[in-house]
Amino acid sequence: MILMNHFQAEPPVLRAAMLAAVERVIDSGWYVLGQEVKRFEQQWAATCGVRFGVGVGNGLQAIEIALRALNIGAGDEVITTPMTALATVLAILSVGAKPVLADIQPDTALLARESVERCLSPRTKAVLLVHLYGQMDAMQAWVDLCKTHQIALVEDCAHAHLASWQGRPSGSLGQVGAYSFYPTKNLGAIGDAGMLVTDEASLAARAARLRNYGQTVTGDYTELGTNSRLDEVQAAILLERLKWLATFTERRRAIAQRYRAGIQQDAVGILSAPTDPKAHVYHLFVITCERRTALQTHLKARGIQTLIHYPMPAHHQTVCADIQRDPLGLKHSEHHANTCLSLPCHPQMRDDEINTVIEAVNAFKG
Ligand SMILES: *Cc1c(COP(=O)(O)O)cnc(C)c1O
């Protein structure tokens, strides 16, 4: 079976380094928010081109704490996309704010600016931009839009580790960038982990309090926080995996390039490639097909696993039934949800597996 992820096939030296990292933590006798977390926060913030990183429990809470640090809560509106992991929308709901869903561009499935502009209101406090599938696009226009309307730009970078726009890394263009290190993300832990990155010292300090019950370094409780601390074991593992991230990312890009060149199938569409190759890290390689179920069955019969990201736009989820949205509707999101399909694109894929996938897609009788 050609899988969507295959961690067991990773280089043995990486496995050895991870085991040594776990041993290092056990021997240190310090297991939560210690030196490993501090080192990983520094290294990841530097990778993102900003001064501060605040390690948290997961990606959902990274967004949640980012919004709270920005004073976004009850009565406020945050514009985002329905074509995302529901966690993006849940983070907005969990701080008591109101998500407002804008539609996507059909060629990339990224948020469409003209739809976001229709969603703006005097209550809008932020745009929560998702770098879907690992893509960044037109970031200056998003920065300008948010500046013009005096609202925050928050980046959901859960798919976009190492992606950059005109040399500026994901997470460095908004006030805050929120990362998930869930195992299947491009940089993943061996459990849950997350981080928010920012260049604003006061935001970082507030986020560091909020993740740890709301207490200051001196132990004063100045506001109601939560427990969203990062474990030393996960940080130590992530430090080892970070050393491989650039290599793994190049492999994802190489696979994507082979797919783009090799897939010749009238029944299949491929999302547009960014003009700058660094603006896409191919967390997912996504195609579209009107007869998706048939294609998925065809590929499965040839030993190829596929997944759908995402089968249901946020506004079709039960918990979001009466969610606010673009008055003109969310047509492109709905169509994309019905037609998108993610092909295997992970760093351990072999060349013969890539060819097998290409040949299988091309042999589909659309
Ligand atoms: C995975 C993901 C999240 C949430 O991250 P967790 O670590 O699973 O909480 C948020 N947004 C997007 C786009 C994601 O893919």
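Heads up: the structure comes first, above all this text.
The text that follows walks through the structure, step by step, so that each part is easy to find. Fair warning: this is a prediction, and the values are worked out from it, not measured in the lab.

Thresholds, definitions, all that
Residues numbered from 1 in each chain as written. Predicted model: local features only at pLDDT ≥ 70, side-chain atom pairs only at ≥ 80, totals over all residues. Heavy atoms only, no water. Buried < 20%, exposed > 50% of the residue type's maximum accessible area, 1.4 Å probe, protein only. Helix = DSSP H or I, 4+ residues; strand = E, 2+ residues; numbered from the N terminus. Pairing = 2+ DSSP bridges. Right-handed = clockwise from strand over helix to strand, strands pointing away. Axes fitted to C-alpha atoms, helices over the stretch in contact; angles between N-to-C directions. Parallel < 35°, antiparallel > 145°, perpendicular 65-115°, else oblique. Left-handed = near helix turned anticlockwise from the far one by under 90°. Contact = heavy atoms within 4.5 Å. Nonpolar A, V, L, I, M, F, W, Y, C, P; charged D, E, K, R; others polar. Salt bridge = Lys/Arg side-chain N within 4 Å of Asp/Glu carboxyl O. Phe/Tyr/Trp six-rings, centres within 6.5 Å; stacked < 30°, edge-to-face > 60°. Lys NZ or Arg CZ within 6 Å of the ring centre and 35° of its normal.

Attention shifts here to the pairing of strand β5 (residues 152-156). Along β5, five of the five residues are buried, which leaves the element largely enclosed by surrounding structure. Looking at chain direction, strand β4 (residues 124-130) and β5 are connected through five bridges and run parallel. Paired with V127 across the bridge in β5 is L153. A crossover links β4 with its parallel partner β5, the connecting element being helix α6 (residues 139-148), and its sense is right-handed. Note: β5 against strand β8 (residues 176-180), three bridges, orientation parallel. Considered in β8, the bridge of E155 is made with G177.

With that settled, consider the packing of helix α8 (residues 232-262) against helix α11 (residues 351-362). Running from amino to carboxyl end, α8 crosses α11 at an angle of 30 degrees, the nearest separation of the two axes being 10 Å. Here α8 is positioned roughly parallel relative to α11, judged by the angle of their axes. Crossing of α8 over α11 shows right-handed handedness. Between α8 and α11, the residues in contact are R251, I255, R258, Y259 and G262 and D351, I354, N355, V357, I358 and N362, respectively. A per-class count over the contact of α8 with α11 returns five nonpolar, three polar and three charged.

Attention now moves to the pattern of salt bridges. One pass over the structure, following the stated rule, counts 17 salt bridges. Residue E77 is joined to R123 by a salt bridge in which the shortest nitrogen-to-oxygen separation is 2.9 Å. Here the residue E77 occupies a position in strand β2 (residues 77-80), and R123 occupies one in the loop between α5 (113-119) and β4, the gap between them amounting to 46 residues. Accessibility expressed as a relative area gives 1% for E77, which makes it buried. The salt bridge involving E240 is made with K243; its shortest N-O contact spans 2.9 Å. Here K243 and E240 lie together in helix α8, a separation of three residues that amounts to about one turn. Taken together, the shared-partner salt bridges in this structure form one network comprising R24, E36, R39, E240 and K243.

Let us look at the packing of aromatic side chains. Counted by the stated rule, this structure contains eight aromatic pairs. Their ring planes at 90 degrees and their centres at 5.1 Å tell us that W44 and Y179 sit as a pair that is edge-to-face. Of this pair, W44 sits in helix α2 (residues 35-47) while Y179 is found in strand β8, placing the two residues 135 residues apart along the sequence. Here W44 and Y179 have matching classes, each one buried. Linked through ring pairs, F40, W44, Y179 and F181 together constitute an aromatic cluster. Directly above the ring of W142 sits R113, whose terminal nitrogen or CZ lies 5.4 Å from the centroid.

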